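# Fold and geometry: a report
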Amino acid sequence: LKCFSPKSAAIISPPIVLSHFLVLSYYVHRSDSPISVSPAFAPHSLGAMLQPPPAMETEPEAKRRKVEDEAAEGPKELEQDDKSAATPLEKKIEFPLSECTLNVMPVVGGRVLTPLTDGGLQYLVAGARASAGVKGGRYLFEAQIVEAMSASEPPQGLPRNVPQPRQLLRVGVAAEGSSVFLTESASICFDSEGFTTCNSQRTPNGHRLRRGQTIGILVNLDGASANKDTVSLFVDGVRATQPIELPEAIKGKPLFPVVNFKNLTIHVNFGPVPLAPLPFKCRTFQCMDPSHVAWGPDYGKGKDGKYEVVFPVSIPDEATFDWLDSFLAKNPQYAEISDRAILKWAESSGIPKPTINNWRHSSDKPDVAFGIPLMDDFSSRRVLDSVLATQPRNYIIMEVKGNLVPADRAVNIKKFASSTYKKVAKVVVGEPDEDFKKSVQAELLKEKQAAEEMAWKIKQAEAERKKVIEAQMKEMEQHDPQSDELTRRKEEALRLAEEGGEVKDETKEEVKEEDAVKQEVKEEEKDADDSKPPVATLSEEEQKLMFRKKTCPDVTGTVIAENLMKFALPCKEEGFDEVENVWADDATAQAYFKKWLVKQKVFCRIDDIQPGEYFRNRWQEWQQVLGTWHEKHTEFHSPVAQATRRSLVEE
């Protein structure tokens, strides 16, 4: 009898097997002892004990094992200890409200950020940028997930178009002045799903970020370091990714810490003491060298110690949003409050852009269909309106129709009744200034050039397609007997023409057709030889335009017709602290606006028109005259009058 150990091929003699069975049966049949077997008597241990001692490893085998061990440990850490003294900055690094999205509520001195999660805001990503960036050296900042929120959903359940995941965190750095959304701008970041986003490309890094972990972002801009111009991710003080090179677009620029989060409360630590020390000594952002600090713009209160709330008042389709874009480009400290801004925010949050094809759609009030009830009815706008006054910052309220109606203006002014805010009405009515006209001309030329280039590309593609077809036809003609016959007839016609002989009419027609086809192909090839797209120029009529014409109106014709009699320019008596005329003085703006109103009365269909006092007085006079006429008419046709007239005739 022979048997084998499960883990080895060593042969075990029958007496040893028998002795083991006797010992096992002894323990099993004891009534006063639990059934247990010592590991020393397990059959797999017998093979291990009976195996011969392992042979000495050869030198190549030892080297191979050493290489495998080094590979398992990972690359050698190239970061060195920072031996310089860590002195905290006098000014505290935080997240100012002007550098946060509207749904961010900073608490605990601006180090803990929590988002609003009601009325559709649970679907929008919150973003915040720090008040200071780094332009040299090597420094660390950290983030922690404090709370994961479960936002309320509508009664019908979770809409299918909701972007996933429901809870999201992105931590990274971006250049100054870029978007607070890390996936849009020139930036680099790490997210909670285990991906690294660099140059708008997501690549997996194998490290999901969870609550309770300390997420460290090491920014290395030290020119003397082996990891210059890189960013690294550390989790609980342990390196999670190798140094990742910065995108070319942000190299040499100050880099600001940026966080994006959704349905999460996060804590960001800038120092001076790290929450999870790294394997090497490294200073935090709060302990940066003063020469390495790049402070962001201070968008605080104005000269009079107040924040401004601007109400642009402009005529629909006359540079309303074009003026707004130019104003925001020059004054980035203002936060735009409009339905258009909510729509852009939703797209930046990963919500698919809806298809808009509705007669009710306009730039002022977009009629969109995200497939998410709380987003389709703009519930998020109503939630934000209720908390705007609690977040002291500069605002610009962009509502084309609302800012033209005094009653609507009064409602918005009431929201900022606090003395912290200065209400300013900017009347953008009249002929634009020269700078604005030049910007309009530049935009028109840009659009026309894009259209010209698109037409040129289509023409080039069509010419290339015809070339391919022509080459295929020539290849087929080489094996076509009819083509050979046509060539022979053409040669014969040329010979007869030279000798003065008579050429058949049929042959002449065939030769003419072939020559016409070749001439057409040559002309097409000549047209397609343009190696550069045409340069667009503006016509005389386009150079006279003061405003750009857009496919989407600022306000629909129905809305203008319903509110035309309510439109009026603002005045200080409504509650404004200042009324500023941007393009013209007050008298010129009033005359221009009145002229526009008269024009709209001619072209607009007004369904709810109400007569004035003059019309009502004349109407009453007309009714009295008409009543007198009716009385005379009735009296004339009465039987008595008819009998009187007959008697008179008889007499």
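Residues numbered from 1 in each chain as written. Predicted model: local features only at pLDDT ≥ 70, side-chain atom pairs only at ≥ 80, totals over all residues. Heavy atoms only, no water.

## As for the overall build of the protein chain
- When helices and strands are counted, the protein chain shows 16 helices and 24 strands.
- Here the protein chain holds 651 residues, and 39% of them are scored as buried.
- In the protein chain, 75% of the contacts between residues at least 6 apart in sequence involve partners at least 24 apart.
- A total of about 38,700 Å² of accessible surface is found on the protein chain, and carbon and sulfur atoms cover 55% of it. (Helix = DSSP H or I, 4+ residues; strand = E, 2+ residues; numbered from the N terminus. Buried < 20%, exposed > 50% of the residue type's maximum accessible area, 1.4 Å probe, protein only. Contact = heavy atoms within 4.5 Å. Areas by Shrake-Rupley, 256 points an atom, 1.4 Å probe, with all protein chains shown as cover.)

## A closer look at empty space enclosed by the protein
- Under the counting rule described, the total for this entry stands at 1 cavity of 30 Å³ or more.
- In this structure, the largest cavity spans a volume of roughly 40 Å³.
- Along the walls of the largest cavity sit Ile337, Arg381, Asp385, Leu388, Ile397, Glu399, Asn412, Lys415 and Phe416, which together make up its complete lining.
- Elements with a minimum of two residues in the lining of the largest cavity: α7 (379-387) and α8 (406-415).
- Partitioned by chemical class, the residues of the lining of the largest cavity number 4 nonpolar, 1 polar and 4 charged. (1 Å grid on protein atoms, 1.4 Å probe; cavity = no way out; pocket = protein on both sides within 12 Å on 5 of 7 lines; lining within 4 Å. Points joined across faces, edges and corners; volume = space filled by probe spheres on them. Nonpolar A, V, L, I, M, F, W, Y, C, P; charged D, E, K, R; others polar.)

## Looking at the pattern of salt bridges
- One pass over the full model with this rule turns up 29 salt bridges.
- We note a salt bridge from Glu77 to Arg239, for which the minimum N-O separation is 2.9 Å. Residue Glu77 is located in the loop between α3 (59-73) and β3 (104-107), and its partner Arg239 is located in strand β14 (residues 238-239); the two are separated by 162 residues in the primary sequence.
- Since its relative accessible area comes to 27%, Glu77 is described here as partly exposed.
- When its relative accessible area of 17% is taken as the criterion, Arg239 is described as buried.
- Look at the salt bridges and you will find they share partners, linking Asp339, Lys365, Arg381, Asp385, Glu399 and Lys415 into a network. (Salt bridge = Lys/Arg side-chain N within 4 Å of Asp/Glu carboxyl O.)

## Structural notes on the confidence of the model for the protein chain
- Per-residue pLDDT for the protein chain has a mean of 81; in total, 78% of the residues score no lower than 70.
- This stretch, residues 1-12, has a pLDDT under 50; its non-local contacts, to residues over four places away or in other chains, come to 25 contacts.
- Overall, residues 26-50 carries pLDDT values under 50, and its contacts beyond four positions in sequence, including any with other chains, amount to 19 contacts. (pLDDT = per-residue confidence, 0-100.)

## A few points about a nonpolar patch on the surface
- A surface patch of nonpolar side chains, amounting to about 560 Å² of accessible area, comprises Phe615, Trp619, Trp622, Val625 and Trp629.
- With respect to the element layout, Trp619 can be found in helix α15 (residues 613-636).
- Taking relative accessible area as the criterion, Trp619 reaches 45% and is therefore assigned partly exposed. (Patch = residues over 30% accessible without salt bridge, like charges linked within 9 Å, V, L, I, M, F, W, Y side chains within 5 Å.)

## A closer look at unusual backbone geometry
- Note the cis peptide between Gly271 and Pro272, where omega equals 10°.
- With respect to the helices and strands, the residue Pro272 is situated in the loop between β17 (264-269) and β18 (283-284).
- For Asp236, which is not glycine, the phi torsion reads 55° and is therefore positive.
- Looking at where Asp236 falls in the secondary structure, it is placed in the loop between β13 (230-235) and β14.
- Its relative accessible area of 42% is what places Asp236 among the partly exposed residues.
- A positive phi angle is found at Ala319, which is not glycine, with a value near 60°.
- Along the chain, Ala319 falls in the loop between β20 (307-314) and α4 (320-330).

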